[in-house]
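For reference, the chains in residue letters:
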Amino acid sequence: MKFLLVDDDPFILKMLSATVEKYFLDASIKVAYNGEEALKVISQEGFIPDIVLMDFMMPGLDGLETSRQIK
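Residues numbered from 1 in each chain as written. Predicted model: local features only at pLDDT ≥ 70, side-chain atom pairs only at ≥ 80, totals over all residues. Heavy atoms only, no water.

S.K.: It is not clear to me how the pattern of salt bridges should be interpreted in this structure. Could you clarify?
M.R.: Oppositely charged side chains can pair when the atoms bearing their charge come close. Enumeration according to the criterion identifies two salt bridges in this entry. A salt bridge links Lys30 to Glu45; its shortest N-O distance comes to 2.9 Å. Placement of the pair is Lys30 in strand 2 (residues 28–32) and Glu45 in the loop between helix 2 (35–43) and strand 3 (51–54), with a sequence separation of 15 residues. Taking the shortest distance from any N to any O, the salt bridge between Arg68 and Glu65 comes out at 3.6 Å. With Arg68 and Glu65 both in helix 3 (residues 63–70), this residue pair falls three residues apart, about one helical turn. Taking relative accessible area as the criterion, Arg68 reaches 52% and is therefore assigned exposed. Overall, Glu65 belongs to the partly exposed group, its relative accessible area being 28%. (Salt bridge = Lys/Arg side-chain N within 4 Å of Asp/Glu carboxyl O. Helix = DSSP H or I, 4+ residues; strand = E, 2+ residues; numbered from the N terminus. Buried < 20%, exposed > 50% of the residue type's maximum accessible area, 1.4 Å probe, protein only.)

In structure tokens:
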């Protein structure tokens, strides 16, 4: 299963990654620190996530606008 984790707080990303790795042993995880970076991961790296866990309030593109663009 492919996960894209997006948050501007590195501590939260670390905790989310650890939790996903604990419960999904076969998980492929990519992280992004903002909405723009998340869009780059998807468009430039061709990473199509099954699940996106994203912060709502981030600088630049917020979680809602990033979700719209991912969709």
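There is more to say after this.
S.K.: Honestly, the environment of Thr66 in this entry has me stumped. Any pointers?
M.R.: By the secondary structure assignment, Thr66 is in helix 3. The class for Thr66 is buried, based on a relative accessible area of 0%. Separated by 27 residues in the primary sequence, Thr66 and Leu39 have C-alpha atoms spaced 7.4 Å apart. Contacts of Thr66, omitting those with residues within four sequence positions, involve Gly35, Ala38, Leu39, Met54 and Leu61. (Contact = heavy atoms within 4.5 Å.)

S.K.: For this particular structure, what's the right way to read a nonpolar patch on the surface?
M.R.: A cluster of nonpolar side chains, namely Met1, Tyr23 and Phe24, defines an oily patch on the protein surface of about 330 Å² accessible area. By the secondary structure assignment, Tyr23 is in helix 1 (residues 10–23). (Patch = residues over 30% accessible without salt bridge, like charges linked within 9 Å, V, L, I, M, F, W, Y side chains within 5 Å. Areas by Shrake-Rupley, 256 points an atom, 1.4 Å probe, with all protein chains shown as cover.)

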